[in-house]
Amino acid sequence: AVPDDAPWLAGLNPEQHQAVTILDGPLLVLSGAGTGKTRVLTARLAHLLASRRAQPWQCLAVTFTNRAAREMRERVAALVGPAANDLWLGTFHSICLRILRRHAEAVGLTHDFTILDADDQLRLLKRVIEEEGLDVKSCPPQAVMAQIQRWKDQALAPDKLPAGRPGDAAQARSARLYRLYQERLRGLNACDFGDLLLHVLTLFLGDEGVLRYWQGRFRYLLVDEYQDTNVAQYLWLRLLAQTHHNICCVGDDDQSIYSWRGAEIGNILRFEQDFPGAKLVRLERNYRSTPPILAAAAGLIAHNEGRLGKTLRPGRAHDPATVEKVRSRAVWDGEAEARMVVEEIEALHRRGDRLSGMAILVRVGFQTREFEERLIATGVPYRVIGGPRFYERAEIRDALAYLRLVVAPSDSLAFERIVNLPKRGLGNAALGEIAAFARAQGLPLLEAARRLVASGEMKPRPRKALGEFVADIDRWRALLGSLAPEDLADTILDESGYVAMWKADKAPDAAGRVENLAELTAAIAEYESIPSFLEHVALVMENDAKAEGDRVVVMTLHGAKGLEFDSVFLPGWEEEVFPHVRALEEGGNKGLEEERRLAYVGLTRARRRVLISFAANRRIYNQWRTQLPSRFLAEIPDDEIEREAAPGLFAGGGGEPAPRDPSWERPERPRWSDRPQRAEPAAASWPKPVRRGAAFAVGARVRHDRFGLGTVLAVEGHTVHVAFDEAGPRTLIDSYLTAA
Ligand code: ATP
Ligand code: MG
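Values in this document were obtained by computation on a predicted structure and should not be read as measured data.

Outline the overall build of the protein, listing residues and values.
When helices and strands are tallied, the protein shows 26 helices and 23 strands. Relative to the 2.2 N^0.38 estimate, which gives 27 Å for 740 residues, the radius of gyration of the protein is 29 Å and therefore close to what a compact globule would have. Counting only C-alpha atoms and orienting by the principal axes, one finds that the protein spans roughly 90 × 65 × 55 Å. For the protein, with 740 residues in total, the buried portion stands at 42%.

What follows is the structure in structure tokens.
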């Protein structure tokens, strides 16, 4: 028996104690943020081991990320020692992978099968589409892949698909491609991520003996973040728990934020049906956050309908003298926001707060850029969790490679990276030829390519493509001195087809990449020239080398689930940023409610301090826009939040606290606009973006915000040469010109 004073039982409240010690039978812990759900699971593992109810390898615990698994294992190890090493503890994927390695033959693979990454998956599917005689334009691989993944999330193997609606030809086509894709995977002795779970399900359902083995093997099942399981994961759990019903799931319906990946909140409701007699434990005491943070979060989430509903009470005492209200702060623009947040961080750090206890949680990936720049500029150490740092992202590296090659034609690494990106029909043969010629002649690749094209030795097709590529680089290079750096970067990314490539991409992360590229151009606008920008980037990247030590955390809200920090910074609370524009465009309440849950997750990460910020102006997709504060700000009860608005920032605000502004209550869609002028004259006037593609005739009179009136001398694509009446001859991009 386990002594009552076992360390993992110490300090638990009665409900938590129950959730830890009722080991047998189905148990659902449904509770709000910070009530100790994860702590209960950890204690439960320790209790199972100490009570000798199960050997470590007979306990299966599922967490949402590998990081969470590692932390849980460390905590259990601290409580009961090395036995923790033998627990089956990991994500659904990692556990299914372990199981599948043992039974690969049963699903037509051998034990050393490979797992394809997202790129390989797409390439394979594309080949299947082409072999079927379909056109990838009318049948984009990304869209088909998204459908296949949805089917896999729902545990639908190709032979299990429901009959499509009659006449739904696209659906029927996807179903056929799905079957062929799976056949090809098997032929390659490979599977994709979604398959890991699906194959194990197929295995369990197809082989009674194997299922019995694993059911007997895992005598106790524990699941964290249960609200974000999808149908396939649910079925998998149900099968494993079928005989003994020893399954304990903990979750919070208010924190369900992955429905876009197939998560089903209905799994919570199903639990009690599928496991009759399930015990339900509710934890109501929150041990993480101060009362104002809890009240703010509760007030916000109360705006969602159809919640299961629950109470949250502070679980520990707080000294009213030191408790801080949630704060919101209006700022001028994104740069001011980053400056303000980093100043706060520095002030807290000077006061003695740990940097690793502070987190900046953003809604979308591109938002990290301005914070990273500011943190680097001020020398505050930071790390980005859950994603690469801004300048390490693949699309940013590609774009930088274009810029590098234009600035330094001898940069052969850059050449290699982009010469066939987007695809220009330059196959391995042509690239090999260039490389061999370059080696033989001791030339950089670009120069070698130029000479090969001139020599006429290449086959006509690659020769033409390569010739055009070299000419493009030359043309852009000629613009280096005359075009503003951000305009030139725009031109390059546009004319090369690189941005268009991502815009045409239907993969879920493609839109984010396009956003990142626009953010890159915005960053370049802050520099004198492209070479000086590239120098800056090189410095930023070098700063990345060391990752240890006390560091501020920068990450997305989605990635922050389950974590906690003393101080949480929540920037960008503006309509169409957060709630995100895609959720608003969906219409209806579903998307909006999921955004609100995400805001709830953000607020409840904080132990002591929350600072929400929003900008009056923001550059999005390289356009300046007038922003409106997020409706979520207005939904936080006035008593719980201190609203600090800088005077005059928002129309009608007049220095009053922002909530008096009617736009708080009824946000309208923000208008496109140029960068608004401050009361005091801005250092530089900003070009006014107009719609792309305005064609100007030679001789036409045009106007530019910075250079005034002029006459068009020549036009090449989007590039226009203009003789300005006062500023003289200039080369510009057409979208910054208007007809005079
Ligand atoms: P989330 O929903 O955000 O995942 P959670 O319900 O999993 O939250 P935990 O992370 O387990 O909550 O706990 C939140 C914090 O409260 C942790 O720091 C944990 O150590 C602490 N805590 C939990 N229970 C108690 C308790 N009985 N006494 C003191 N502190 C506790
Ligand atoms: Mg948790």
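So what's going on with the pairing of strand β22 (residues 728-733)? Which residues, and what values?
For strand β21 (residues 719-724) and β22, the ladder comprises six bridges, and the chain directions are antiparallel. Each bridged residue has a counterpart across the sheet, and for histidine 721 the counterpart in β22 is threonine 731. Turn length for the β21-β22 hairpin, with the two strands adjacent in sequence and antiparallel, is three residues.

Can you explain the site of ligand 1? Please cite residues and give values.
Taken together, 18 residues lie around ligand 1, and Gly36, Lys37, Thr38, Arg39 and Tyr287 are the ones closest in. With three residues, the single largest contributor to the shell around ligand 1 is helix α2 (residues 37-50). Of the residues assigned to the shell around ligand 1, the class counts are three nonpolar, 10 polar and five charged.

Give me the lowdown on the environment of proline 531, citing residues and values where you can.
Turning to its location among the elements, proline 531 is positioned in helix α23 (residues 530-542). Assessed through the 16 C-beta atoms surrounding it within 10 Å, proline 531 is described here as partly exposed.

Lay out helix α22 (residues 510-524) with the relevant residues and their values.
Taking 1.5 Å of rise per residue, 15 residues should cover 21 Å, and α22 covers 21 Å from first to last C-alpha, within 8% of that figure. Of the residues making up α22, those classed as buried are Arg513, Asn516, Leu517, Glu519, Leu520, Thr521, Ala522, Ala523 and Ile524.

Tell me about the nonpolar core, residues and numbers included.
Counting residues in hydrophobic clusters, the biggest one holds 74 residues, and the most contacted among them are Val29, Leu45, Ala61, Val200 and Leu221. Considering each element in turn, this core owes the most residues, seven residues, to α2. Non-local contacts of alanine 61, meaning those with residues more than four positions away in its chain, are made with Leu41, Leu45, Met72, Leu87, Leu89 and Leu222. Listed in part, the 59 residues of the second largest apolar core include Leu294, Leu355, Phe569 and Leu570.

Describe the UniProt feature "binding site: ATP" (unreviewed entry) in the protein, with residues and values.
In the numbering adopted here, UniProt assigns the feature "binding site: ATP" (unreviewed entry) to Ser31, Gly32, Ala33, Gly34, Thr35, Gly36, Lys37 and Thr38. Mapped onto the elements of the fold, glycine 32 is located in the loop between β1 (27-30) and α2. Each residue touching glycine 32, except ones within four places of it in the same chain, is listed here: Asp252, Asp254, Asn286, Lys310 and Leu312. Residue placement: threonine 35 occurs in the loop between β1 and α2. Beyond its immediate chain neighbours, meaning those up to four positions away, threonine 35 contacts Leu283, Glu284, Arg285 and Asn286.

Mind laying out the packing of helix α13 (residues 334-350) against helix α14 (residues 368-378), listing which residues take part and the relevant values?
Put simply, α13 and α14 touch, their axes get as near as 9 Å, and they point 50° apart. Between α13 and α14, the angle is such that the two are oblique. Handedness of the crossing formed by α13 with α14: right-handed. Between α13 and α14, the contacting residues are Gly334, Glu335, Ala338, Arg339, Val341, Val342 and Glu346 on the first element and Glu370, Phe371, Glu373, Arg374, Leu375 and Thr378 on the second. Its residues assigned to classes, the contact of α13 with α14 comprises five nonpolar, two polar and six charged.

Account for the sheet that holds strand β20 (residues 708-716), naming residues and giving values.
Strand order across the open sheet formed by five strands is β22-β21-β20-β19-β23, with antiparallel pairing between neighbours. The open sheet is flanked by β22 and β23 (737-739), the only strands paired with a single partner. Between one strand axis and the next, the sheet turns through 45° on average, direction left out of account.

A description of the sheet that holds strand β3 (residues 88-90) should follow, citing residues and the corresponding values.
Here six strands make up an open sheet; going across it, the order is β3-β2-β6-β7-β1-β8 and the pairing parallel. Of all the strands in the sheet, just β3 and β8 (279-281) have a single pairing partner and so form its edges. The sheet shows a mean angle of 10° between the axes of neighbouring strands, taken without regard to direction. Looking at chain direction, strand β2 (residues 59-62) and β3 are connected through three bridges and run parallel. Within β3, the residue paired with valine 62 across the bridge is glycine 90. Contacts between helix α10 (residues 231-241) and the sheet are confined to β6 (220-223) and β7 (247-251), with β6 contributing the most and set at about 155° to the helix.

So what about the pairing of strand β19 (residues 701-704)? Which residues, and what values?
Residues Val702 and His704 point to one face of β19 and are all buried, whereas Arg701 and Arg703, pointing to the other face, are not buried. Two elements, β19 and β20, share four bridges in a ladder whose sense is antiparallel. By the bridge assignment, arginine 703 is partnered in β20 with leucine 709. If you look at the hairpin formed by β19 and β20, you'll find three residues sitting between the two strands. Taken together, the three bridges between β19 and β23 define a ladder with antiparallel strand orientation. Bridged to histidine 704 within β23 is leucine 737.

Pulling in residues and values, what's your account of unusual backbone geometry?
Cis geometry marks the peptide bond from leucine 421 to proline 422, where omega comes out at 0°. The residue proline 422 is located in the loop between α16 (412-418) and α17 (428-441) in this model. Put simply, phenylalanine 578 and proline 579 share a cis peptide bond, and its omega is 5°. Here proline 579 shows up in the loop between β15 (565-570) and α24 (581-585). With phi around 50°, glutamate 225 is a residue other than glycine that occupies positive phi space. One can find glutamate 225 in the loop between β6 and α10.

Thresholds applied
- Residues numbered from 1 in each chain as written.
- Chains lettered and ligands numbered in written order.
- Predicted model: local features only at pLDDT ≥ 70, side-chain atom pairs only at ≥ 80, totals over all residues.
- Helix = DSSP H or I, 4+ residues; strand = E, 2+ residues; numbered from the N terminus.
- Rg over C-alpha atoms; globule rule 2.2 N^0.38 Å.
- Buried ≥ 20, exposed ≤ 12 C-beta atoms within 10 Å, placed from the backbone.
- Pairing = 2+ DSSP bridges.
- Near = placed C-beta within 6 Å.
- Nonpolar A, V, L, I, M, F, W, Y, C, P; charged D, E, K, R; others polar.
- Expected span 1.5 Å × (residues − 1).
- Core = buried A, V, L, I, M, F, W, Y, C linked by C-beta atoms within 7 Å.
- Contact = placed C-beta atoms within 7 Å.
- UniProt positions renumbered as here; feature names shortened; annotations may be inferred.
- Axes fitted to C-alpha atoms, helices over the stretch in contact; angles between N-to-C directions.
- Parallel < 35°, antiparallel > 145°, perpendicular 65-115°, else oblique.
- Left-handed = near helix turned anticlockwise from the far one by under 90°.

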